[in-house]
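What follows is the residue order along each chain.
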Amino acid sequence: MSGLYARESRSVSKMAHLRFFPQAIVGGSGAYVTGDDGRQLLDFAASWGAASLGHAHPAVREAVNRALSDQAGASYLSAANEACVLLAEKLLSLVPERARGRVWFGHSGSDANETVARMVVAATGRSRIIAFEGAYHGGTVGSMAVSGHPAQQGARSPGLTLVPYPNSYAAGSPDAAKNAALAHIERLFATEVPPEDVAAFFIEPIQSDGGMLVPPDGFLKALEGLCREHGILLVSDEVKVGLGRSGRFNAFEHDGIEPDIVVFGKGLGGGLPISAVVGPEAILNHAVAFSLQTVHGNPVCAAAALAVLRTIERDGLAANAARSGKVLREALERLAPRHPLIGNVRGRGLALGVELIDGHGPAARQTALTVYRAFQLGLVLYYVGVHSNVLEFTPPLTLTESEAHKGVAILDQALADVAAGQVDESLLADFAGW
Ligand SMILES: Cc1ncc(COP(=O)(O)O)c(C=O)c1O
């Protein structure tokens, strides 16, 4: 354990920790972070996707420096600022027509989803919300209230109904998963959840923290049809897999749907805290002073976000995510025949997951050992999933093909070392993960 990591444990609370190994970093550039021991680590997590352009991207650096050198305040609560207006105009151009109304700015996916959850109920007068089992929409009281991830330690909203997310791998086929999930929702609508009471249906176009589950073809389209039929607002939480990561700008585009409300976060600020909700004017302008925190609409963060969006467009980073993601995915698939632990490789673009299983089912212990071993060998990788057994790949959108190959070579070695029993299990004692 490094000196910095040990010092942290004597001064910083653990309440926000989700640690898989004793990593302490002092810098970073592109797809690499620098450990306090001087090691260069290839970063396939990108701070859970927040460092969307990689670390220290020049476009973000310049935008932040410029915004700070003549700072237009620190908030948009009581004064308009140009960066927020430009960013709102840009975001409105990037969503479907039906969502093209107004933009609300927050700090995080959590405050954005919490605001949506309150706003849709207040604006429609309907009291219910539907979301998916395994969904992670945030870590504040109001966003946990509409989430379904078992690792969360918060209460669900009394108006929330959770439904199963279709899992093609577990169900045996995409069609079986799709049909069962749709039948479940239709049954609920016919019985205990009157659809006319439902304000909104929250979706993740790929359920990332729940296990990087890709919806079967046609599922979200059918769900959109049900929402339209019953006047239910469809909310696409693009916080983790949007903004180019899936290989398209919006992840919901793969499914040919048009959500009413789109939520952005994480990578929007390229590493700075900013989130956005984009949706119809009637909902987003429901009331004034409805959801405010002092430095919401911070012009420095908004300037960073504008730089991120312009860079994604200028450098074709959604296309790069598709291209590098294909290389990464194919390399991961080539590992499968040599590693019995690999049950399934899935995802889109640079939002990929590898589910590890053994003879007993989900291989949670081996998953934790694999990410620990990969860290020792120079690769940063975390895991997700309701059974804690899915390796998650959310590298910077700028990832090159050679970086993809390098990371997979490290993972190959890590998996082999775990299978050979060469990784000391006692290392995990301080790393419960989730
Ligand atoms: C899909 C999704 N929505 C919302 C959030 C919450 O974002 P944040 O932790 O930045 O508040 C997350 C975080 O993992 C997420 O994956």
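In what follows, the structure referred to is the one given above.
Residues numbered from 1 in each chain as written. Predicted model: local features only at pLDDT ≥ 70, side-chain atom pairs only at ≥ 80, totals over all residues. Heavy atoms only, no water.

A.B. asks: Describe in detail the overall build of the chain, supporting the description with residues and values.
C.D. replies: Secondary structure assignment for the chain yields 13 helices and 16 strands. For 434 residues, the compact-globule formula gives about 22 Å, and the C-alpha radius of gyration of the chain, at 21 Å, lands near that figure. Its C-alpha atoms put the chain at 60 × 55 × 40 Å along the principal axes. Counting all 434 residues of the chain, 57% fall into the buried class. Intrachain contacts of the chain at a sequence separation of at least 6 include 74% that bridge at least 24 residues. (Helix = DSSP H or I, 4+ residues; strand = E, 2+ residues; numbered from the N terminus. Rg over C-alpha atoms; globule rule 2.2 N^0.38 Å. Buried < 20%, exposed > 50% of the residue type's maximum accessible area, 1.4 Å probe, protein only. Contact = heavy atoms within 4.5 Å.)

A.B. asks: Outline the site of the ligand, listing residues and values.
C.D. replies: Taken together, 14 residues lie around the ligand, and Ser110, Tyr136, Asp209, Asp237 and Lys266 are the ones closest in. Contacts to the ligand include Tyr136, whose backbone N or O atom sits 3.2 Å from a nitrogen atom. In this structure, Asp209 approaches the ligand through a side-chain N or O atom, which is 3.1 Å from an oxygen atom. Protein contact buries 85% of the 390 Å² of open area that the ligand shows by itself. For the shell around the ligand, the element with the most residues is helix α4 (residues 109–124), which contributes 3 residues. (Near = heavy atom within 4 Å. Polar contact = N/O pair within 3.5 Å; in protein donor to acceptor, adjacent residues only side chain to side chain. Areas by Shrake-Rupley, 256 points an atom, 1.4 Å probe, with all protein chains shown as cover.)

A.B. asks: Run through the packing of helix α3 (residues 82–92) against helix α10 (residues 299–314), naming residues and quoting values.
C.D. replies: Viewed as axis vectors pointing N to C, α3 and α10 meet at an angle of 35°, and their least axial separation amounts to 8 Å. Both α3 and α10 take part in a crossing whose hand is left-handed. Facing α3, whose interface residues are Ala83, Cys84, Leu86, Leu87, Lys90 and Leu91, α10 presents Pro299, Ala302, Ala303, Ala305, Leu306, Leu309 and Glu313. Here the residues of the contact of α3 with α10 are counted per class, giving 11 nonpolar, no polar and 2 charged. (Axes fitted to C-alpha atoms, helices over the stretch in contact; angles between N-to-C directions. Left-handed = near helix turned anticlockwise from the far one by under 90°. Nonpolar A, V, L, I, M, F, W, Y, C, P; charged D, E, K, R; others polar.)

A.B. asks: So what about the environment of Gly242? Which residues, and what values?
C.D. replies: When you line up the elements, Gly242 lands in the loop between β8 (233–237) and β9 (261–264). The spacing of Gly242 and Arg228 is 14 residues in sequence and 23 Å in space, taken between C-alpha atoms. Discounting residues that sit within four places of it in the chain, Gly242 has contacts with Phe249 and Ala251.

A.B. asks: Give a detailed account of the side chain of Glu403, specifying residues and quantitative values.
C.D. replies: Topologically, Glu403 is positioned in helix α13 (residues 401–419). In this structure Glu403 is buried but unpaired, with Lys406 as the nearest side chain of opposite charge at 8.2 Å. A distance of 3.0 Å separates a polar side-chain atom of Glu403 from the backbone nitrogen of Thr400. Ignoring anything within four residues of it in the chain, the contact list for Glu403 reads Ala31, Tyr32, Leu42, Phe44 and Thr398. (Lys, Arg positive; Asp, Glu negative; His and termini not counted. Salt bridge = Lys/Arg side-chain N within 4 Å of Asp/Glu carboxyl O.)

A.B. asks: Explain the pattern of salt bridges to me, using residue names and the numbers behind them.
C.D. replies: According to the stated counting rule, one finds 18 salt bridges in the structure shown. For Arg365, the salt bridge goes to Glu425, with nearest N and O atoms at 2.3 Å. In this pair, Arg365 is assigned in helix α12 (residues 364–377) and Glu425 in the segment after α13, connecting sequence segments 60 residues apart. The exposure class assigned to Arg365 is partly exposed, which follows from its relative accessible area of 41%. A single network of salt bridges, built from pairs that share partners, joins Arg98, Lys221, Glu224, Arg228 and Asp260.

A.B. asks: Account for the side chain of Asp209, with residues named and values stated.
C.D. replies: Tracing the chain through its elements places Asp209 in the loop between β7 (198–203) and α8 (219–230). Of note is the side chain of Asp209, whose polar atom sits 2.3 Å from the side chain of Lys240. Not counting the four nearest positions on each side in its chain, Asp209 is found in contact with Trp48, Gly134, Tyr136, His149, Glu204, Lys240, Val384, Gly385, Val386, Glu392 and Trp434.

Nothing here speaks to function; it is geometry throughout.
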